[in-house]
Amino acid sequence: TVALPSARDLTDLGVRADHVAVVRNGVDAAPQASLSASRSATPRVVVLSRLVPHKQIEDALDAVALLLPTVPDLRLEVLGGGWWHDRLVAHAEARGITHAVTFHGHVDERRKHELLALAWVHLMPSRKEGWGLAVVEAAQHGVPTIGYRSAAGLADSIDDGRTGLLVDGVDELASATRKLI
């Protein structure tokens, strides 16, 4: 498996601990051009995820809605596709933040890294992660990730307070984003 929390989950399910090995994920090197790109002049947060319910992208939208009154030039870039897309667009509309959110859908590697390089913060409000590959992809660009402590694997991929922040809920997600911005 890819993370210590996943190894613990497997042993809790009855797999013998001596039959479980943790092999950490790696990533391909980011395109060189994206590594030398400049951050956006205005605050941008990015979500890199499949658009499915357990990824809780609504929480990122809610955090942006909480921040916009005091950070009016804030932008949220949502990278990824999935069957939950239309519900997320509807959620952004209901929160009145469509002017501040771009749903890019699935993007190729080059575009993904271009958008990550512009970001100030990466949000990962997932309910459950085995490890969090997107955390490392964002980190290639010096972009810290804020994720939920309860997502298990994120505690393995985010060094809390150093490479990002682990939080407990939407209000903390918003305040941590404000802090990092």
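The structure we're discussing is the one just above.
Here goes a summary of the coordinates provided. (Residues numbered from 1 in each chain as written. Predicted model: local features only at pLDDT ≥ 70, side-chain atom pairs only at ≥ 80, totals over all residues. Heavy atoms only, no water.)

1. Section: the overall build of the chain
Here's step 1: Helix and strand content of the chain: eight helices and six strands.
Here's step 2: Reading the chain from its N end, one meets helices and strands in the order α-α-β-α-β-α-β-α-β-α-β-α-β-α.
Here's step 3: The C-alpha atoms of the chain give 16 Å as radius of gyration, which agrees with the globular expectation for 181 residues (16 Å, within 12%).
Here's step 4: Along the longest, intermediate and shortest principal axes, the C-alpha atoms of the chain span 50 × 35 × 30 Å.
Here's step 5: Looking at the chain as a whole, 46% of its 181 residues are labelled buried.
Here's step 6: Looking at the chain alone, contacts between residues at least 24 apart form 67% of all its contacts between residues at least 6 apart.
Here's step 7: Carbon and sulfur atoms make up 53% of the accessible area of the chain, which amounts to about 8,800 Å² in all.
Here's step 8: On the chain, the mean spot of the 19 positive side-chain charges and the mean spot of the 22 negative ones are 1 Å from each other. (Helix = DSSP H or I, 4+ residues; strand = E, 2+ residues; numbered from the N terminus. Rg over C-alpha atoms; globule rule 2.2 N^0.38 Å. Buried < 20%, exposed > 50% of the residue type's maximum accessible area, 1.4 Å probe, protein only. Contact = heavy atoms within 4.5 Å. Areas by Shrake-Rupley, 256 points an atom, 1.4 Å probe, with all protein chains shown as cover. Lys, Arg positive; Asp, Glu negative; His and termini not counted. Charge placed at Lys NZ, Arg CZ, Asp CG, Glu CD.)

2. Details of helix α3 (residues 57–67)
Here's step 1: Of all 11 residues in α3, 10 are buried; the element is thus mostly enclosed.
Here's step 2: Turning to α3, its buried residues are I57, E58, D59, A60, L61, D62, A63, V64, A65 and L67.

3. Some details on the sheet that holds strand β3 (residues 101–105)
Here's step 1: Read from one edge to the other, the open sheet built from six strands follows the order β3-β2-β1-β4-β5-β6, with strand pairing classed as parallel. If you trace the sheet from one side to the other, it starts and ends with β3 and β6 (164–167), each paired once. With strand direction ignored, the average angle separating the axes of adjacent strands in the sheet is 20°.
Here's step 2: Pairing of strand β4 (residues 121–124) with strand β5 (residues 145–148) involves three bridges; the strand directions are parallel. Its bridge partner lying in β5, H122 is registered against T145.
Here's step 3: Relative to the sheet, helix α5 (residues 109–118) contacts β1 (44–48), β2 (75–79) and β3, its axis offset from that of β1 by approximately 145°. (Pairing = 2+ DSSP bridges. Axes fitted to C-alpha atoms, helices over the stretch in contact; angles between N-to-C directions.)

4. Concerning the pattern of salt bridges
Here's step 1: Evaluated as defined, the whole model comprises 13 salt bridges.
Here's step 2: As a salt-bridge pair, D9 and K128 come within 2.7 Å of each other at their nearest N and O atoms. Taken as a pair, D9 in helix α1 (residues 4–12) and K128 in the loop between β4 and α6 (133–139) lie far apart in primary sequence, 119 residues in all. (Salt bridge = Lys/Arg side-chain N within 4 Å of Asp/Glu carboxyl O.)

5. Some thoughts on the packing of aromatic side chains
Here's step 1: Scanning the entire structure with this criterion turns up one aromatic pair.
Here's step 2: With centroids separated by 5.3 Å and ring planes inclined at 80°, the aromatic side chains of W83 and W84 adopt a geometry described as edge-to-face.
Here's step 3: The class of W83 is exposed, set by a relative accessible area of 63%. (Phe/Tyr/Trp six-rings, centres within 6.5 Å; stacked < 30°, edge-to-face > 60°.)

6. Overview of the nonpolar core
Here's step 1: Grouped together as the largest cluster of nonpolar side chains are 30 residues, with contacts concentrated most on L76, I97, L123 and I146.
Here's step 2: Within the residue set of this core, elements represented by two or more residues are β1, α3, β2, α4 (85–95), β4, β5, β6 and α8 (170–180).
Here's step 3: Per element, the largest residue contribution to this core is seven residues, and it comes from α3.
Here's step 4: Look past the residues within four positions of L123 in its chain and what remains in contact with it is V45, V46, V47, A60, I146, L173 and T177.
Here's step 5: Counting 15 residues, the second largest nonpolar core, distinct from the first, contains V46, L48, L116 and M124. (Core = buried A, V, L, I, M, F, W, Y, C linked by side-chain atoms within 4.5 Å.)

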